[in-house]
Amino acid sequence: MELVKQQRDTASDLKTQEYFVNMGPQHPSTHGVLRLVLGLDGEIITKVEPHIGYIHRSIEKMCEHDNYRQIVHLTDRMDYLSAHINNEAVCLAVENALEIEVPERARVIRTIFAELTRLASHQLWWGVMGMDLGALTAFLYGFRDREMINDIFEETCGARLTMNYNVPGGVMFDLHPNFHKRVKEFIAHFKTKLPEYDDLLSNNVIFRQRTEGVGILSKEDAISYGVTGPTARASGVSCDVRKLHPYSAYDRVDFKEILMEEGDSFARYKARVLEMWESLSIVEQLIDNIPEGDFQAPTKAVIKLPKGEYYQRVETARGELGVYIVSDGGKSPYRLKFRSPGFSNLFVLEKLAVGSKIADLVAIMSTIDIVVPDIDR
Amino acid sequence: MNAIVRYFAGIFKGLKTLATGMKVTGYYFSHARKEIITQQYPENRDTLQMFERFRGIVTMPHDENNEHRCTGCSACEVACPNGSIEILWQRLEDPETGKKKKTIDKFVYHYSMCTLCNLCILACPTDAIKMDQTFEYAVYDRKELTFILNKPGSKVRADVKE
Ligand code: SF4
Ligand code: SF4
């Protein structure tokens, strides 16, 4: 008894000191090369400072030298999990500037592809989220279902990830004859498999204890940090570009914007899983109603945008992607800026993680779903 | 008292969710024959069928007379975003008219820089190049990834107009 008391006294006399630990740049849970400098008091995080720029490839600068057709393929390499949606953003910006009427067929094809991309991205996120928290099984299940979508992409576009399927004016090729059949198969397959996701992870006690009430993001913080996508919607911020500023064929489909109240890691997780159901229903509504007709509007061989500034935003799997083009009338942009969702979503970490344990940081990082090439560009 | 009840309730809940998860795993374990989707890649090389649109590498098809369709117009070179294609010219004397005429000498293709974006294929007015489905190109030095696509001694097909 005496000994315990003695020890306790010395412990309270000890001067403790905040210390710093590097997480990354090579760390399995940073999903790429990202360095976080963590200020720690024991195991409690007092400060998070993300250091970025390890895979900066100057995509924005490269765009200033490429013409408008060539820019599209560079955007594949930003958020590679939303490659199609990034392509679409650039193409929409160019089309709006030139006032090109995109054929109905191309619009619907783009929307179906965008939703399949979102599904594939969320499936990958779900698997990786499980793996980050120590459940390797989830990873394999997520990848199994994503494989079907990748096959659909590969058959029609010729590539699985960096598809470059959009061109200004429409899409590059017409749909493959098997497309319809394969998408139907996928919908039927995934409808039976998505409940498994809940059995394996969402309802698991360990998983819930590690995510519920962890890393709470308030509505005010979400707005002031510019957080978008499922991360913000889990805190109750209505920010779905597909709903608020419909583009392509989103004005004719019926879907819900998933809004949560809690704002904790589990709400962010839940928002994404529910979003998968919505994406599935969008694809289902459109797949039988693809209009006949051209898949590409005729465009000039050399595309020149009139002098001016153009902005287009779309909803990627991670949030709002904005493309801001300043044109001086030439065949390549004078300046091109991407407002990437990952950048704002990452920096809210300095608010989110403070006060939680270092092990919880992994769960928090997983649920904000960052893709580092998107942040660095 | 309450704490003890909660403690045991927690354990039972944990066991229940464990069983739910194991049920999913168990299903796949017992239905492995039906549900398995893994492909044994290097072993199944002979039967592996890529999709016809798969973009593996840019190639130039030649017919049986060693003739291709490339006129050397350089449209692909201009369309390429990263300079993977270089068209080298030569001036050959036309045997009939005796005039010097520009024709293609070498179609140099740097696979190491190519992003397989398909823009060159779309740009080609005579459909001289296409994407091939092969993809195993691991080498020790990137110099080995520079190819000359038109075969030695090959000619432009007579029916191809510039
Ligand atoms: S596929 Fe794209 S990068 Fe490759 S050679 Fe053709 S245009 Fe250039
Ligand atoms: S491959 Fe086609 S585009 Fe390229 S130089 Fe030959 S004919 Fe012209």
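Note that the structure is a prediction, hence the values are computed from the model and not measured.

The full count for this structure, using the stated rule, is 30 salt bridges over all chains. In this structure, the salt-bridge partner of Arg105 of chain A is Asp174 of chain A, at a minimum N-O distance of 3.1 Å. Of the two residues, Arg105 of chain A sits in helix H5 (residues 104-132) while Asp174 of chain A sits in the loop between strand E5 (170-171) and helix H7 (179-202), which places them 69 residues apart along the sequence. Arg105 of chain A gets classed as buried once you look at its relative accessible area, which sits at 10%. Between Glu136 of chain B and Arg45 of chain B there is a salt bridge, with its nearest N and O atoms 2.8 Å apart. Of this pair, Glu136 of chain B sits in the loop between strand E5 (130-132) and strand E6 (146-148) while Arg45 of chain B sits in the loop between helix H2 (32-35) and strand E1 (57-59), and the two are 91 residues apart along the sequence. On the accessibility criterion, Arg45 of chain B (47% relative accessible area) is partly exposed. If you follow the salt bridges from partner to partner, you end up with Asp79, Arg272, Arg318 and Asp369 of chain A in one network.

Bringing the interface of chain A and chain B into the picture now. For an interface, size is often stated in terms of accessible area lost upon the parts coming together. Between chain A and chain B, the contact holds 30 residues from the first and 26 residues from the second. Between chain A and chain B the total buried area reaches about 2,300 Å² when both faces are included, carbon and sulfur atoms providing 56% of it. In terms of surface lost to chain B, no three residues of chain A exceed Gln70, Glu154 and Val205 of chain A, which account for 20% of the buried area on that side. Summed over the shared surface of chain A and chain B, the result is zero salt bridges. Run the count over chain A and chain B and you get 15 residue pairs in polar contact (both at pLDDT 80 or more). Elements supplying a minimum of two residues to the side of chain A that touches chain B: helix H3 (68-75), helix H6 (136-157) and H7 of chain A. If you tally residues by element for the side of chain A that touches chain B, the top one is H6 of chain A, at seven residues.

Take the pairing of strand E6 (residues 308-315) of chain A next. Across a regular strand the side chains alternate sides, sitting on one face of the sheet and then on the other. Relative to strand E7 (residues 320-327) of chain A, E6 of chain A runs antiparallel, the two sharing eight bridges. The residue of E7 of chain A that forms the bridge with Gly308 of chain A is Ser327 of chain A.

Right, let's talk about the sheet that holds strand E4 (residues 100-110) of chain B for a bit. All names here are of chain B. If you walk across this open sheet you meet the three strands as E3-E4-E6, and the pairing is antiparallel. Each edge of the sheet is formed by a strand with only one pairing partner; in this case those strands are strand E3 (85-93) and E6. The mean angle between the axes of side-by-side strands here comes to 30 degrees, regardless of whether they run parallel or antiparallel. Pairing geometry for E3 and E4, over nine bridges, is antiparallel. The residue bridging Ile85 from the neighbouring strand is Tyr109, located in E4.

Residues and elements named next belong to chain A. Scanning the entire structure with this criterion turns up 25 aromatic pairs over all chains. Considering the side-chain rings of Phe139 and Phe143, the 4.5 Å spacing of their centres and the 40 degrees angle between planes classify their relative orientation as tilted. In this pair, Phe139 and Phe143 both sit in helix H6, four residues apart, roughly one turn of the helix. Measuring from ring centre to ring centre gives 6.2 Å for Tyr250 and Phe255, while their planes differ by 65 degrees; the resulting arrangement is edge-to-face.

Below, the discussion takes up the confidence of the model for chain B. Overall, the prediction assigns chain B a mean pLDDT of 84, with 95% of residues at 70 or greater. With a pTM of 0.86, the predicted complex shows an ipTM of 0.81.

Let us look at the sheet that holds strand E3 (residues 44-51) of chain A. All names here are of chain A. Taken in spatial order, the three strands make up an open sheet running E1-E2-E3, and their pairing is antiparallel. Strands with a single pairing partner mark the edges of an open sheet, and in this sheet they are strand E1 (19-23) and E3. Recorded for the sheet is a direction-independent mean angle of 25 degrees between the axes of neighbouring strands. Set on the sheet, helix H15 (residues 358-368) makes contact with E1, strand E2 (35-41) and E3; between it and E2 the angle comes to about 145 degrees.

All names here are of chain A. Residues Leu336 and Phe338 of strand E8 (residues 335-339) are buried on one face, while the alternating residues Arg335, Lys337 and Arg339, pointing to the opposite face, are not. Here E7 pairs with E8 via five bridges, running antiparallel. Its bridge partner being in E8, Val323 is matched across the sheet by Phe338.

Quick notes on the rules
Sequence order sets the numbering: in each chain, residues are counted from 1 along the sequence as written. Naming scheme: in the order in which they are written, chains are lettered from A and ligands are numbered from 1. In keeping with the model being predicted, local features are shown solely for residues with a pLDDT of at least 70 and side-chain atom pairs are shown and tallied solely at 80 or more, while totals for entire chains, interfaces and linings include all residues. Calculated side-chain values reflect all of the structure's heavy atoms, with hydrogen atoms and water omitted. Here, a salt bridge means any side-chain nitrogen of Lys or Arg that lies within 4 Å of a carboxyl oxygen of Asp or Glu. Labels follow the DSSP assignment, with helices taken as runs of H or I lasting at least four residues and strands as runs of E lasting at least two, numbered in each case from the N terminus. A 1.4 Å probe rolled over the protein chains alone gives each residue an accessible area, and that area as a share of the maximum for its type sets the label: buried under 20%, exposed over 50%, partly exposed in between. By definition in these notes, contact holds between two residues if any of their heavy atoms fall within 4.5 Å. A 1.4 Å probe defines the accessible area here, and the buried area is the portion of it lost by two parts on being joined, summed over both. Two N or O atoms count as a polar contact when they lie within 3.5 Å, although within protein this holds only if one can serve as hydrogen donor and the other as acceptor, and sequence-adjacent residues are included solely when both atoms are side-chain atoms. Strand pairing is assigned whenever DSSP detects at least two bridges linking the two strands. Only the contacting stretch of a helix is used when fitting its axis, a line to C-alpha atoms as for every element, and angles between N-to-C directions run 0 to 180 degrees. Here the aromatic set is Phe, Tyr and Trp, taking the six-membered ring for Trp, and pairing holds for ring centres within 6.5 Å; pairs whose planes are under 30 degrees apart are stacked, those over 60 apart are edge-to-face, and all others are tilted. For every residue, the pLDDT score states the predictor's confidence, bounded by 0 at the bottom and 100 at the top.

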